Amino acid sequence: MTAPDLILTGAEVRTLDPGRPYATAVAVHDGTITAVGDESDVRDWRGPGTEVVPLAGAHLVPGLVDAHSHPVWGLDMATGADLSGVSDLAGLRAALAGAERIDGWVIGFGLDHNAFEGRAVDRALVEDVLGGAPAFLRLYDGHSALVSGAALAAAGVTGARDFAQRSRIVCAADGRPTGHLVEHAAMELVAEVMPRPSYAARRARLVELLGAMAATGLTGAHVMDAGDAELVGAVARETVLPVRLRFAPWCMPGVDESGLAELVAEQGRGGRHWVVDGVKFFMDGTVEGGTAWLEHADCHGQGTQAFWPDPEAYAGAVRRLHAAGVRTATHAIGDAAVRHVLEVVAGLGDGARGRHRVEHIETVPDALLPRFAELGVAASMQPPHTAYTRADGTDEWSRRLGTGRSGHAWRLRDLRDAGATVALGSDWPIAHYDVRSVLATARVPRGAASARAGLTGLEALEGCTTHAARAAGEGEAAGRIAVGHRADLTALAVDPVEAPADELAEAPVRLTVTGGHVVHRG
């Protein structure tokens, strides 16, 4: 074989390759794994220019992948004051009163719905501490925001409007906008007039973020938005992207044939360590925002409508893209949304197996569980989201759904038992990108999901490796440590399968390798 560029030796290698489950050394050339073996093989592999990295007993696994993330769009979402630690209204008011102004604006993100303590989301609760400043506070779900009166005025928003998608400017009985903006179209009205970081600042933040992601062991991310191709392409030409990015641009209600053709034409665009592959749909919104599509209304009388006002139009768009060979991923949180997506995929025929996936799946009844495996639809789930709920049911998510449906929370264990491909992610910036936390929380779900068993250590690891690869249609090239597979590798100080979940969440990352490049050393 050609002399490798890189040899990793002295490791406890868990390959996830049935043909050779364990090894102690791995060789890499030109971004591809060229040999998997033992210490005794290294002398024969090594060439004059080979870098040999001794791992001194570290546990080497296939490169960990976040199957649902927003590392580029998230730069804008995660701007300003981090409000994720705010737990009540008093804390929110104090945080806003002391928040740094950005070009005169108060901008925040990560605000928990539970911080309003059961009150309706309304700018009247915080307006007096803002000193007249325009404010845009993104709630943690990413599908809603609270904005001030000055922000509404800057955007020219004076009342309700009609949108092509299920989106809403919430108004009081007298027609006054409360400042609660629900779903993307409504939020975008104000986002368009907000201060925006410079290109240089966004580039620096992207490089910093991807490096920080790699430091947790991440080698790849399925990016569920279009990102910024010009920014990512420029960075990829100048340096090695430490995290491999796979983009799925959005397809929104109202799309016409030319819009679908543009999405098809975008497929395959990319460069080193990034590519456009797939399209992202929304079938609903969020439980907390009252926009999850449910078979029966939530406890506020909401949740009975799809994000696409005409669900059949969604089906038509999926059929058009499927016929063009495009993979799809659909955000579906409520039971009715999940059912509709599965029905649409069922109508595509046998050729749809392994080509489509559902994102989030926060509540789903027993009858739908076996359909994922029957249809070959991947379940893409985010275990850290369970931390936004409470085991006693007093959180906004649980209160809206009621006892029965909240008891069907994040059914990771049940979907795996039903034979489904279960890919795991964080949905950063909705939850932190640290993939060790994703693995740990998949094993020990929190809040409303804590009464159910989580995944085994091996199943959780598969969720960020082999199952993530399968969900992206890359099972023959990624997700295992095997000859001919991509050289994406993660070395941890502990065994991610056998170590206790809490220990894994804090485990040092010894090495991250993406495409044969060492992108992090711990």
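Note: the structure precedes this text.
From a predicted model like this one, the values you see are computed outputs, not experimental measurements.

The rules behind the values
Residues numbered from 1 in each chain as written. Predicted model: local features only at pLDDT ≥ 70, side-chain atom pairs only at ≥ 80, totals over all residues. Heavy atoms only, no water. Helix = DSSP H or I, 4+ residues; strand = E, 2+ residues; numbered from the N terminus. Rg over C-alpha atoms; globule rule 2.2 N^0.38 Å. Buried < 20%, exposed > 50% of the residue type's maximum accessible area, 1.4 Å probe, protein only. Areas by Shrake-Rupley, 256 points an atom, 1.4 Å probe, with all protein chains shown as cover. Lys, Arg positive; Asp, Glu negative; His and termini not counted. Charge placed at Lys NZ, Arg CZ, Asp CG, Glu CD. Phe/Tyr/Trp six-rings, centres within 6.5 Å; stacked < 30°, edge-to-face > 60°. Pairing = 2+ DSSP bridges. Contact = heavy atoms within 4.5 Å. Axes fitted to C-alpha atoms, helices over the stretch in contact; angles between N-to-C directions. Salt bridge = Lys/Arg side-chain N within 4 Å of Asp/Glu carboxyl O.

Participant: Break down the overall build of the protein chain for me, citing the residues and quoting the values.
Facilitator: Regarding its fold elements, the protein chain presents 17 helices and 24 strands. Here the C-alpha radius of gyration of the protein chain, 23 Å, is about what a compact globule of 522 residues would show, namely 24 Å. Across its three principal directions, the C-alpha atoms of the protein chain cover 80 × 50 × 50 Å. Across the 522 residues in the protein chain, those meeting the buried criterion constitute 60%. By element, 49% of the accessible surface of the protein chain is carried by carbon and sulfur atoms, the whole surface being about 19000 Å². Within the protein chain, the 66 negative side-chain charges are centred at a point lying 1 Å from the centre of the 47 positive side-chain charges.

Participant: So what's going on with the packing of aromatic side chains? Residues and values would help.
Facilitator: Inspection of the entire model under this criterion finds 10 aromatic pairs. Centroid distance Trp 250 to Phe 282: 4.9 Å. Interplanar angle 90°. Geometry classified as edge-to-face. Of this pair, Trp 250 sits in the loop between strand 14 (244-247) and helix 8 (257-266) while Phe 282 is found in strand 17 (residues 279-282), placing the two residues 32 residues apart along the sequence. Given a relative accessible area of 2%, Phe 282 falls into the buried group. An aromatic cluster is built from Trp 73, Trp 250, Phe 282 and Phe 307, whose rings are joined through pairwise contacts.

Participant: Give a detailed account of the sheet that holds strand 16 (residues 274-276), specifying residues and quantitative values.
Facilitator: Adjacent strands of a sheet pair through backbone hydrogen bonds, lying either parallel or antiparallel. One open sheet accounts for five strands, arranged 6-13-14-16-15; its pairing is mixed. Two strands in the sheet have a free side with no partner beyond their single neighbour: strand 6 (64-69) and strand 15 (270-271). In terms of strand pairing, strand 6 meets strand 13 (residues 218-223) through four bridges, oriented parallel. Note on strand 13: the bridge partner recorded for Asp 66 is Ala 221. Packed on one face of the sheet, helix 7 (residues 229-238) meets strand 14 and strand 16 and runs near 150° to strand 16.

Participant: Before we move on, could you go through the pattern of salt bridges and cite the residues and values that matter?
Facilitator: Here the idea is simple: oppositely charged side chains can pair when their charged atoms come close. Counted by the stated rule, this structure contains 35 salt bridges. Between Glu 117 and Arg 119 there is a salt bridge; the shortest N-O distance is 3.2 Å. Arg 371 is the partner of Glu 374 in a salt bridge, and the nearest nitrogen-oxygen pair spans 3.0 Å. One end of the pair is Glu 374 and the other is Arg 371, both in helix 11 (residues 369-375) and three residues apart, which spans about a single turn. In this structure, a network of salt bridges that share partners links the residues Arg 244, Arg 246, Asp 277, Glu 474, Arg 486 and Asp 488.

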